[in-house]
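So you can see what is in the structure, the chains are spelled out below.
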Amino acid sequence: MAVSATFSRLNLLPRPSLPYPLSTFRVLKFRPMWAPLTSFSAHFSTPKSSPIPNTQIPRAPDDDFIVLGIETSCDDTAAAVVRSSGEILSQVVSSQADLLARYGGVAPKMAEEAHSQVIDQVVQEALDKANVSETDVSAVAVTIGPGLSLCLRVGVRKARKTAGRFNLPIIGVHHMEAHALVARLMEKKLQFPFMALLISGGHNLLILAQDLGQYIQLGTTIDDAIGEAYDKTAKWLGLDLRRSGGPAIEELAREGDAKSIKFSIPMKQHKDCNFSYAGLKTQVRLAIESRNINAEIPISCASDQDRSSRADIAASFQRVAVLHLEERCERAIEWALNIEPSIKHLVVSGGVASNQYVRARLDQVVKKNSLQLVCPPPSLCTDNGVMVAWTGIEHFRVGRFDPPPPADEPEDFVYDLRPRWPLGEEFAEGRSEARSLRKARIHPSLTSIIQASLQQQR
(Lines give C-alpha, C1' and ligand atoms only; values in the text may rest on other atoms or scores of the structure.)
Protein backbone atom coordinates (compact mmCIF):
# COMPACT_ATOMS: atom_id res chain seq x y z
CA MET A 1 0.00 0.00 0.00
CA ALA A 2 1.27 3.44 -0.88
CA VAL A 3 1.04 6.12 1.78
CA SER A 4 1.99 9.38 0.14
CA ALA A 5 0.56 11.93 2.45
CA THR A 6 1.13 13.93 5.48
CA PHE A 7 -0.24 13.19 8.88
CA SER A 8 -0.92 16.44 10.70
CA ARG A 9 -1.99 16.83 14.32
CA LEU A 10 -3.15 20.33 15.14
CA ASN A 11 -3.22 21.86 18.60
CA LEU A 12 -4.82 25.12 17.59
CA LEU A 13 -7.95 25.34 19.69
CA PRO A 14 -8.58 28.85 20.99
CA ARG A 15 -9.77 29.09 24.55
CA PRO A 16 -13.44 28.15 24.48
CA SER A 17 -15.96 30.75 25.51
CA LEU A 18 -18.71 30.05 27.98
CA PRO A 19 -21.18 27.42 26.82
CA TYR A 20 -23.92 28.83 24.64
CA PRO A 21 -27.53 27.66 24.61
CA LEU A 22 -28.45 24.71 22.43
CA SER A 23 -30.28 25.47 19.21
CA THR A 24 -33.90 24.46 19.10
CA PHE A 25 -34.58 21.57 16.74
CA ARG A 26 -37.98 20.84 15.30
CA VAL A 27 -39.23 17.26 15.63
CA LEU A 28 -39.23 16.05 12.05
CA LYS A 29 -39.52 12.75 10.32
CA PHE A 30 -36.35 11.99 8.40
CA ARG A 31 -34.93 9.11 6.46
CA PRO A 32 -31.90 7.62 8.25
CA MET A 33 -28.69 7.12 6.36
CA TRP A 34 -28.67 3.72 4.68
CA ALA A 35 -32.44 3.40 4.98
CA PRO A 36 -33.53 0.15 3.32
CA LEU A 37 -35.18 1.80 0.34
CA THR A 38 -33.36 4.18 -2.02
CA SER A 39 -29.99 4.33 -0.32
CA PHE A 40 -28.82 0.85 -1.34
CA SER A 41 -27.84 1.04 -4.98
CA ALA A 42 -26.47 -1.96 -6.82
CA HIS A 43 -25.44 0.08 -9.86
CA PHE A 44 -21.89 1.10 -10.71
CA SER A 45 -20.31 3.65 -13.01
CA THR A 46 -17.03 5.51 -13.42
CA PRO A 47 -16.31 8.49 -11.14
CA LYS A 48 -17.80 11.75 -12.29
CA SER A 49 -15.53 14.58 -13.37
CA SER A 50 -18.11 17.33 -12.92
CA PRO A 51 -21.22 17.85 -10.79
CA ILE A 52 -24.27 15.90 -11.93
CA PRO A 53 -27.82 17.16 -11.99
CA ASN A 54 -29.75 16.86 -8.74
CA THR A 55 -32.22 14.56 -10.45
CA GLN A 56 -29.58 11.82 -10.69
CA ILE A 57 -28.53 9.57 -7.83
CA PRO A 58 -24.75 9.11 -7.85
CA ARG A 59 -23.57 5.57 -8.38
CA ALA A 60 -20.56 3.86 -6.90
CA PRO A 61 -17.60 3.79 -9.28
CA ASP A 62 -15.89 0.69 -10.55
CA ASP A 63 -12.40 1.09 -9.17
CA ASP A 64 -10.45 4.30 -8.62
CA PHE A 65 -12.19 6.93 -6.51
CA ILE A 66 -11.54 9.26 -3.57
CA VAL A 67 -13.48 9.64 -0.31
CA LEU A 68 -13.34 12.44 2.25
CA GLY A 69 -13.79 11.13 5.81
CA ILE A 70 -14.94 13.28 8.77
CA GLU A 71 -14.85 12.18 12.43
CA THR A 72 -16.17 14.14 15.44
CA SER A 73 -17.65 11.45 17.68
CA CYS A 74 -15.87 12.52 20.86
CA ASP A 75 -12.89 14.76 21.59
CA ASP A 76 -10.83 15.02 18.39
CA THR A 77 -11.80 16.79 15.18
CA ALA A 78 -10.44 14.71 12.30
CA ALA A 79 -10.60 14.58 8.53
CA ALA A 80 -8.77 12.57 5.89
CA VAL A 81 -8.75 11.96 2.18
CA VAL A 82 -8.22 8.36 1.06
CA ARG A 83 -8.09 6.79 -2.39
CA SER A 84 -9.95 3.52 -3.00
CA SER A 85 -6.60 1.81 -3.69
CA GLY A 86 -5.72 2.36 -0.02
CA GLU A 87 -3.46 5.36 -0.57
CA ILE A 88 -3.80 7.84 2.30
CA LEU A 89 -3.65 11.25 0.64
CA SER A 90 -3.95 13.24 3.85
CA GLN A 91 -4.79 12.97 7.52
CA VAL A 92 -5.46 15.90 9.85
CA VAL A 93 -6.42 15.80 13.54
CA SER A 94 -7.15 18.74 15.81
CA SER A 95 -6.59 17.62 19.38
CA GLN A 96 -8.64 18.70 22.39
CA ALA A 97 -5.85 17.66 24.76
CA ASP A 98 -5.83 21.00 26.57
CA LEU A 99 -9.56 20.74 27.23
CA LEU A 100 -9.14 17.18 28.52
CA ALA A 101 -6.45 18.33 30.93
CA ARG A 102 -8.48 21.33 32.08
CA TYR A 103 -11.68 19.41 32.77
CA GLY A 104 -10.19 16.03 33.69
CA GLY A 105 -12.08 14.35 30.85
CA VAL A 106 -14.50 15.09 28.03
CA ALA A 107 -16.99 17.91 28.69
CA PRO A 108 -19.55 17.38 25.90
CA LYS A 109 -20.68 21.00 25.52
CA MET A 110 -17.14 22.34 25.48
CA ALA A 111 -16.07 19.58 23.10
CA GLU A 112 -18.91 20.51 20.73
CA GLU A 113 -17.81 24.14 20.73
CA ALA A 114 -14.20 23.14 20.10
CA HIS A 115 -15.28 20.97 17.14
CA SER A 116 -17.33 23.85 15.73
CA GLN A 117 -14.39 26.24 15.92
CA VAL A 118 -11.99 24.08 13.89
CA ILE A 119 -14.10 21.78 11.67
CA ASP A 120 -13.91 24.01 8.58
CA GLN A 121 -10.15 24.44 8.91
CA VAL A 122 -9.53 20.71 9.50
CA VAL A 123 -11.54 19.63 6.46
CA GLN A 124 -9.97 22.29 4.23
CA GLU A 125 -6.47 21.34 5.36
CA ALA A 126 -7.19 17.67 4.63
CA LEU A 127 -8.23 18.60 1.08
CA ASP A 128 -5.25 20.94 0.63
CA LYS A 129 -2.71 18.40 1.85
CA ALA A 130 -4.23 15.79 -0.45
CA ASN A 131 -3.93 18.30 -3.30
CA VAL A 132 -7.57 17.74 -4.27
CA SER A 133 -10.72 19.83 -4.30
CA GLU A 134 -14.27 18.79 -3.51
CA THR A 135 -14.88 18.23 -7.24
CA ASP A 136 -12.23 15.46 -7.20
CA VAL A 137 -14.01 13.66 -4.36
CA SER A 138 -16.51 10.89 -5.16
CA ALA A 139 -18.25 10.74 -1.76
CA VAL A 140 -18.19 12.06 1.80
CA ALA A 141 -18.11 9.61 4.72
CA VAL A 142 -18.95 10.77 8.24
CA THR A 143 -19.35 9.16 11.65
CA ILE A 144 -23.02 9.18 12.70
CA GLY A 145 -22.59 7.05 15.85
CA PRO A 146 -21.98 5.85 18.42
CA GLY A 147 -20.61 8.86 20.29
CA LEU A 148 -21.64 12.10 21.94
CA SER A 149 -24.62 13.55 20.08
CA LEU A 150 -23.44 17.15 20.46
CA CYS A 151 -20.10 16.24 18.89
CA LEU A 152 -21.52 13.96 16.19
CA ARG A 153 -23.81 16.78 15.05
CA VAL A 154 -20.85 19.02 14.16
CA GLY A 155 -19.31 16.45 11.83
CA VAL A 156 -22.60 15.41 10.24
CA ARG A 157 -23.58 19.03 9.61
CA LYS A 158 -20.24 19.73 7.91
CA ALA A 159 -20.41 16.53 5.86
CA ARG A 160 -23.93 17.24 4.66
CA LYS A 161 -23.13 20.85 3.77
CA THR A 162 -20.09 19.74 1.78
CA ALA A 163 -21.96 16.90 0.08
CA GLY A 164 -24.95 19.12 -0.69
CA ARG A 165 -22.87 21.94 -2.12
CA PHE A 166 -20.92 19.66 -4.44
CA ASN A 167 -23.68 17.14 -5.08
CA LEU A 168 -21.80 14.21 -3.53
CA PRO A 169 -23.24 11.01 -2.09
CA ILE A 170 -22.86 10.65 1.65
CA ILE A 171 -22.03 7.56 3.69
CA GLY A 172 -23.01 7.27 7.36
CA VAL A 173 -20.27 5.37 9.23
CA HIS A 174 -20.42 3.31 12.42
CA HIS A 175 -17.51 4.46 14.60
CA MET A 176 -16.66 1.01 15.94
CA GLU A 177 -16.89 -0.65 12.54
CA ALA A 178 -14.40 1.96 11.32
CA HIS A 179 -11.96 0.99 14.09
CA ALA A 180 -12.19 -2.62 12.95
CA LEU A 181 -12.05 -2.07 9.20
CA VAL A 182 -9.06 0.30 9.20
CA ALA A 183 -6.96 -2.81 9.84
CA ARG A 184 -7.97 -4.01 6.35
CA LEU A 185 -6.50 -0.83 4.92
CA MET A 186 -3.13 -1.57 6.51
CA GLU A 187 -3.11 -5.38 6.22
CA LYS A 188 -4.21 -6.53 2.80
CA LYS A 189 -4.15 -10.20 3.88
CA LEU A 190 -6.92 -9.52 6.40
CA GLN A 191 -10.03 -11.13 4.93
CA PHE A 192 -13.40 -11.98 6.42
CA PRO A 193 -14.08 -13.70 8.74
CA PHE A 194 -11.87 -12.27 11.48
CA MET A 195 -12.17 -11.34 15.15
CA ALA A 196 -11.79 -7.85 16.57
CA LEU A 197 -11.25 -6.44 20.05
CA LEU A 198 -12.16 -2.75 20.03
CA ILE A 199 -10.96 -0.90 23.11
CA SER A 200 -11.26 2.81 23.78
CA GLY A 201 -12.44 5.37 26.31
CA GLY A 202 -16.08 4.55 25.70
CA HIS A 203 -16.09 0.99 24.41
CA ASN A 204 -14.93 -2.55 25.06
CA LEU A 205 -16.23 -4.73 22.25
CA LEU A 206 -15.38 -8.25 21.11
CA ILE A 207 -16.84 -9.08 17.71
CA LEU A 208 -16.77 -11.75 15.07
CA ALA A 209 -16.69 -10.01 11.68
CA GLN A 210 -18.26 -12.46 9.24
CA ASP A 211 -18.50 -10.05 6.32
CA LEU A 212 -18.77 -6.33 5.61
CA GLY A 213 -21.62 -5.11 7.80
CA GLN A 214 -22.21 -8.58 9.31
CA TYR A 215 -21.03 -8.80 12.92
CA ILE A 216 -21.71 -10.99 15.94
CA GLN A 217 -21.16 -9.33 19.31
CA LEU A 218 -19.33 -11.80 21.53
CA GLY A 219 -18.82 -9.40 24.42
CA THR A 220 -19.22 -5.78 25.45
CA THR A 221 -18.74 -3.62 28.52
CA ILE A 222 -21.53 -3.71 31.10
CA ASP A 223 -20.40 -0.46 32.72
CA ASP A 224 -17.08 1.38 32.24
CA ALA A 225 -14.66 0.73 29.38
CA ILE A 226 -10.95 0.17 29.85
CA GLY A 227 -10.04 3.60 28.47
CA GLU A 228 -12.28 5.27 31.04
CA ALA A 229 -10.51 3.29 33.78
CA TYR A 230 -7.10 4.39 32.48
CA ASP A 231 -8.20 8.03 32.35
CA LYS A 232 -9.69 8.07 35.85
CA THR A 233 -6.66 6.29 37.34
CA ALA A 234 -4.33 8.80 35.68
CA LYS A 235 -6.39 11.69 37.02
CA TRP A 236 -6.39 10.29 40.57
CA LEU A 237 -2.61 9.79 40.39
CA GLY A 238 -2.03 13.40 39.36
CA LEU A 239 -0.66 12.55 35.92
CA ASP A 240 -0.50 14.83 32.89
CA LEU A 241 -3.73 14.22 30.93
CA ARG A 242 -2.77 16.21 27.86
CA ARG A 243 -1.80 12.93 26.18
CA SER A 244 -4.82 11.14 27.72
CA GLY A 245 -4.63 8.70 30.60
CA GLY A 246 -3.45 5.63 28.70
CA PRO A 247 0.03 6.79 27.67
CA ALA A 248 0.57 8.47 31.06
CA ILE A 249 -0.27 5.28 32.98
CA GLU A 250 1.81 3.08 30.67
CA GLU A 251 4.87 5.31 31.12
CA LEU A 252 4.59 5.51 34.91
CA ALA A 253 3.85 1.77 35.20
CA ARG A 254 7.34 0.97 33.85
CA GLU A 255 8.74 2.32 37.12
CA GLY A 256 6.45 0.27 39.37
CA ASP A 257 6.02 -3.25 40.72
CA ALA A 258 3.00 -4.73 38.94
CA LYS A 259 2.42 -7.32 41.69
CA SER A 260 2.78 -4.99 44.65
CA ILE A 261 -0.97 -4.40 45.02
CA LYS A 262 -3.40 -7.31 44.82
CA PHE A 263 -6.25 -5.93 42.79
CA SER A 264 -8.96 -8.45 41.91
CA ILE A 265 -9.55 -9.36 38.27
CA PRO A 266 -13.10 -8.25 37.36
CA MET A 267 -15.93 -10.72 36.71
CA LYS A 268 -13.94 -13.92 37.30
CA GLN A 269 -17.15 -15.66 38.34
CA HIS A 270 -18.93 -14.84 35.05
CA LYS A 271 -17.97 -17.22 32.26
CA ASP A 272 -18.79 -14.92 29.38
CA CYS A 273 -16.87 -12.41 27.26
CA ASN A 274 -18.22 -9.19 28.75
CA PHE A 275 -16.17 -6.53 30.50
CA SER A 276 -16.49 -4.45 33.65
CA TYR A 277 -14.05 -1.84 34.92
CA ALA A 278 -16.19 0.00 37.47
CA GLY A 279 -15.13 -2.29 40.32
CA LEU A 280 -11.44 -2.07 39.42
CA LYS A 281 -11.72 1.73 39.41
CA THR A 282 -13.11 1.56 42.95
CA GLN A 283 -10.23 -0.68 44.05
CA VAL A 284 -7.72 1.79 42.61
CA ARG A 285 -9.37 4.77 44.27
CA LEU A 286 -9.30 3.05 47.66
CA ALA A 287 -5.64 2.12 47.21
CA ILE A 288 -4.80 5.73 46.39
CA GLU A 289 -6.70 7.00 49.45
CA SER A 290 -5.03 4.48 51.75
CA ARG A 291 -1.60 5.76 50.68
CA ASN A 292 -2.61 9.41 51.13
CA ILE A 293 -1.73 10.31 47.55
CA ASN A 294 -2.80 13.85 46.73
CA ALA A 295 -3.78 14.23 43.07
CA GLU A 296 -3.48 18.02 43.46
CA ILE A 297 0.29 17.49 43.59
CA PRO A 298 1.43 16.72 40.02
CA ILE A 299 3.60 13.65 39.55
CA SER A 300 6.43 15.96 38.50
CA CYS A 301 6.42 17.53 41.99
CA ALA A 302 5.99 14.31 44.01
CA SER A 303 8.64 13.03 46.41
CA ASP A 304 10.60 9.91 45.47
CA GLN A 305 8.56 7.79 47.89
CA ASP A 306 5.26 9.26 46.67
CA ARG A 307 6.26 8.71 43.04
CA SER A 308 7.18 5.11 43.80
CA SER A 309 3.76 4.52 45.40
CA ARG A 310 2.01 6.02 42.39
CA ALA A 311 4.10 3.90 40.02
CA ASP A 312 3.19 0.71 41.92
CA ILE A 313 -0.50 1.56 41.69
CA ALA A 314 -0.21 2.33 37.97
CA ALA A 315 1.63 -0.92 37.26
CA SER A 316 -0.71 -3.05 39.38
CA PHE A 317 -3.77 -1.45 37.81
CA GLN A 318 -2.47 -1.95 34.27
CA ARG A 319 -1.57 -5.59 34.91
CA VAL A 320 -5.07 -6.47 36.18
CA ALA A 321 -6.89 -4.33 33.62
CA VAL A 322 -5.12 -6.17 30.82
CA LEU A 323 -5.51 -9.59 32.47
CA HIS A 324 -9.25 -8.96 32.21
CA LEU A 325 -8.81 -8.37 28.46
CA GLU A 326 -6.72 -11.52 28.09
CA GLU A 327 -9.21 -13.75 29.87
CA ARG A 328 -12.15 -12.48 27.82
CA CYS A 329 -10.20 -12.77 24.55
CA GLU A 330 -9.26 -16.38 25.31
CA ARG A 331 -12.90 -17.34 25.71
CA ALA A 332 -14.03 -15.27 22.71
CA ILE A 333 -11.47 -16.97 20.45
CA GLU A 334 -12.82 -20.35 21.50
CA TRP A 335 -16.40 -19.27 20.73
CA ALA A 336 -15.47 -17.64 17.43
CA LEU A 337 -13.53 -20.67 16.16
CA ASN A 338 -16.56 -22.85 16.87
CA ILE A 339 -18.65 -20.54 14.67
CA GLU A 340 -16.04 -19.80 11.96
CA PRO A 341 -13.15 -22.31 12.07
CA SER A 342 -11.35 -20.47 9.25
CA ILE A 343 -10.52 -17.42 11.39
CA LYS A 344 -6.82 -16.51 11.27
CA HIS A 345 -6.63 -12.99 12.71
CA LEU A 346 -7.53 -10.99 15.80
CA VAL A 347 -7.68 -7.25 15.14
CA VAL A 348 -7.02 -5.01 18.15
CA SER A 349 -7.96 -1.39 17.53
CA GLY A 350 -9.26 1.71 19.28
CA GLY A 351 -7.34 4.23 21.35
CA VAL A 352 -6.17 1.75 24.01
CA ALA A 353 -4.69 -0.46 21.28
CA SER A 354 -1.86 2.11 21.05
CA ASN A 355 -0.64 0.79 24.42
CA GLN A 356 2.44 -1.38 23.82
CA TYR A 357 1.89 -3.41 27.00
CA VAL A 358 -1.65 -4.27 25.83
CA ARG A 359 -0.34 -5.32 22.40
CA ALA A 360 2.42 -7.48 23.83
CA ARG A 361 0.10 -9.34 26.21
CA LEU A 362 -2.59 -9.94 23.59
CA ASP A 363 0.02 -11.12 21.09
CA GLN A 364 0.81 -13.96 23.50
CA VAL A 365 -2.88 -14.86 23.70
CA VAL A 366 -3.35 -15.10 19.93
CA LYS A 367 -0.14 -17.05 19.40
CA LYS A 368 -1.34 -19.68 21.88
CA ASN A 369 -4.37 -20.11 19.65
CA SER A 370 -2.36 -20.14 16.39
CA LEU A 371 -3.81 -16.80 15.30
CA GLN A 372 -2.13 -13.61 14.11
CA LEU A 373 -2.50 -10.26 15.88
CA VAL A 374 -3.24 -7.28 13.64
CA CYS A 375 -2.92 -3.79 15.13
CA PRO A 376 -3.14 -0.59 13.09
CA PRO A 377 -0.34 1.94 13.74
CA PRO A 378 -1.03 4.18 16.77
CA SER A 379 -2.10 7.13 14.60
CA LEU A 380 -4.90 4.96 13.19
CA CYS A 381 -5.90 3.43 16.55
CA THR A 382 -7.02 6.71 18.07
CA ASP A 383 -10.01 8.44 16.47
CA ASN A 384 -9.11 9.61 12.98
CA GLY A 385 -10.56 10.48 9.60
CA VAL A 386 -8.72 7.73 7.71
CA MET A 387 -10.74 4.96 9.33
CA VAL A 388 -13.97 6.79 8.47
CA ALA A 389 -12.94 7.38 4.86
CA TRP A 390 -11.82 3.77 4.42
CA THR A 391 -15.04 2.37 5.90
CA GLY A 392 -16.91 4.67 3.54
CA ILE A 393 -14.88 3.23 0.65
CA GLU A 394 -15.72 -0.34 1.64
CA HIS A 395 -19.46 0.36 1.74
CA PHE A 396 -19.44 2.67 -1.28
CA ARG A 397 -17.98 -0.15 -3.37
CA VAL A 398 -21.02 -2.30 -2.71
CA GLY A 399 -23.50 0.53 -3.20
CA ARG A 400 -24.31 1.44 0.39
CA PHE A 401 -24.64 5.21 0.46
CA ASP A 402 -27.22 7.98 0.51
CA PRO A 403 -27.80 10.39 -2.39
CA PRO A 404 -26.61 13.99 -2.00
CA PRO A 405 -28.49 16.07 0.55
CA PRO A 406 -30.13 19.25 -0.74
CA ALA A 407 -27.74 22.17 -1.12
CA ASP A 408 -30.19 24.42 0.76
CA GLU A 409 -30.85 22.14 3.73
CA PRO A 410 -32.47 24.22 6.51
CA GLU A 411 -30.44 25.08 9.61
CA ASP A 412 -33.01 23.40 11.88
CA PHE A 413 -32.84 20.08 10.00
CA VAL A 414 -32.79 17.11 12.39
CA TYR A 415 -29.70 15.06 11.62
CA ASP A 416 -29.58 11.28 11.83
CA LEU A 417 -27.37 10.82 14.91
CA ARG A 418 -26.99 7.47 16.66
CA PRO A 419 -25.27 8.05 20.03
CA ARG A 420 -26.03 4.50 21.18
CA TRP A 421 -25.81 2.23 18.18
CA PRO A 422 -24.85 -1.46 18.53
CA LEU A 423 -22.55 -2.86 15.88
CA GLY A 424 -23.70 -6.49 15.81
CA GLU A 425 -26.29 -8.83 17.18
CA GLU A 426 -25.54 -10.33 20.58
CA PHE A 427 -24.25 -13.90 20.65
CA ALA A 428 -26.75 -16.01 22.59
CA GLU A 429 -24.13 -17.62 24.85
CA GLY A 430 -22.57 -14.22 25.51
CA ARG A 431 -25.44 -12.62 27.38
CA SER A 432 -24.14 -11.44 30.71
CA GLU A 433 -25.64 -12.53 34.00
CA ALA A 434 -23.96 -9.58 35.71
CA ARG A 435 -25.97 -6.46 36.49
CA SER A 436 -25.86 -4.31 33.41
CA LEU A 437 -25.71 -0.54 33.46
CA ARG A 438 -26.05 -0.27 29.71
CA LYS A 439 -28.69 2.12 28.51
CA ALA A 440 -31.51 0.97 26.31
CA ARG A 441 -30.84 0.74 22.60
CA ILE A 442 -32.00 3.66 20.55
CA HIS A 443 -31.16 2.23 17.14
CA PRO A 444 -31.18 -1.30 15.77
CA SER A 445 -27.69 -2.68 15.24
CA LEU A 446 -25.81 -1.92 12.04
CA THR A 447 -25.90 -5.64 11.21
CA SER A 448 -29.69 -5.87 11.54
CA ILE A 449 -30.20 -2.76 9.38
CA ILE A 450 -28.06 -4.19 6.60
CA GLN A 451 -29.65 -7.65 6.83
CA ALA A 452 -33.13 -6.10 6.58
CA SER A 453 -32.06 -4.11 3.55
CA LEU A 454 -30.58 -7.13 1.82
CA GLN A 455 -33.76 -9.13 2.45
CA GLN A 456 -35.85 -6.32 0.97
CA GLN A 457 -33.73 -6.34 -2.19
CA ARG A 458 -34.27 -10.05 -2.78
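Just so it is clear, the model here is predicted, and its values are computed rather than measured.

Here is what the cut-offs are and how they apply
- Residues numbered from 1 in each chain as written.
- Predicted model: local features only at pLDDT ≥ 70, side-chain atom pairs only at ≥ 80, totals over all residues.
- Heavy atoms only, no water.
- Axes fitted to C-alpha atoms, helices over the stretch in contact; angles between N-to-C directions.
- Helix = DSSP H or I, 4+ residues; strand = E, 2+ residues; numbered from the N terminus.
- Parallel < 35°, antiparallel > 145°, perpendicular 65-115°, else oblique.
- Contact = heavy atoms within 4.5 Å.
- Polar contact = N/O pair within 3.5 Å; in protein donor to acceptor, adjacent residues only side chain to side chain.
- pLDDT = per-residue confidence, 0-100.
- Pairing = 2+ DSSP bridges.

Considerations on the packing of helix 5 (residues 226-236) against helix 8 (residues 304-339)
Phase 1: In contact at an axis separation of 11 Å, helix 5 and helix 8 are set at 175° when each is read in the N-to-C sense. Viewed along their axes, helix 5 and helix 8 adopt a mutual orientation that is roughly antiparallel. Touching Ile226, Ala229, Tyr230 and Thr233 of helix 5 are Phe317, Gln318, Ala321, Val322 and Leu325, all from helix 8.

Topic: the environment of arginine 400
Phase 1: Relative to the elements of secondary structure, arginine 400 occurs in the loop between helix 11 (385-397) and strand 12 (425-426).
Phase 2: For the pair formed by arginine 400 and proline 169, sequence separation is 231 residues and the distance between their alpha carbons is 9.9 Å.
Phase 3: Engagement of the side chain of arginine 400 in a polar contact is seen with the backbone oxygen of leucine 212, the distance being 3.3 Å.

A closer look at the confidence of the model for the protein chain
Phase 1: Of the residues in the protein chain, 82% have a pLDDT of 70 or more, and the chain-wide mean is 85.
Phase 2: Per-residue pLDDT stays below 50 along residues 1-57; that stretch engages in 156 contacts with residues further than four places along the chain or on separate chains.

A closer look at the sheet that holds strand 8 (residues 204-211)
Phase 1: With mixed pairing, the six strands of this open sheet are ordered in space as 11-10-7-8-9-12. Each end of this open sheet is capped by a strand with a single partner; those strands are strand 11 (372-374) and strand 12.
Phase 2: As paired elements, strand 9 (residues 214-220) and strand 12 share two bridges and run parallel to each other. Counterpart to isoleucine 216 in the pairing with strand 12 is glutamate 425.
Phase 3: Each of strand 7 (194-199), strand 8 and strand 9 touches helix 8; the most contacted strand, strand 8, lies at about 20° to it.
Phase 4: Its contacts with the sheet put helix 9 (residues 356-368) on strand 7, strand 10 (345-349) and strand 11, and the angle it makes with strand 11 is roughly 150°.

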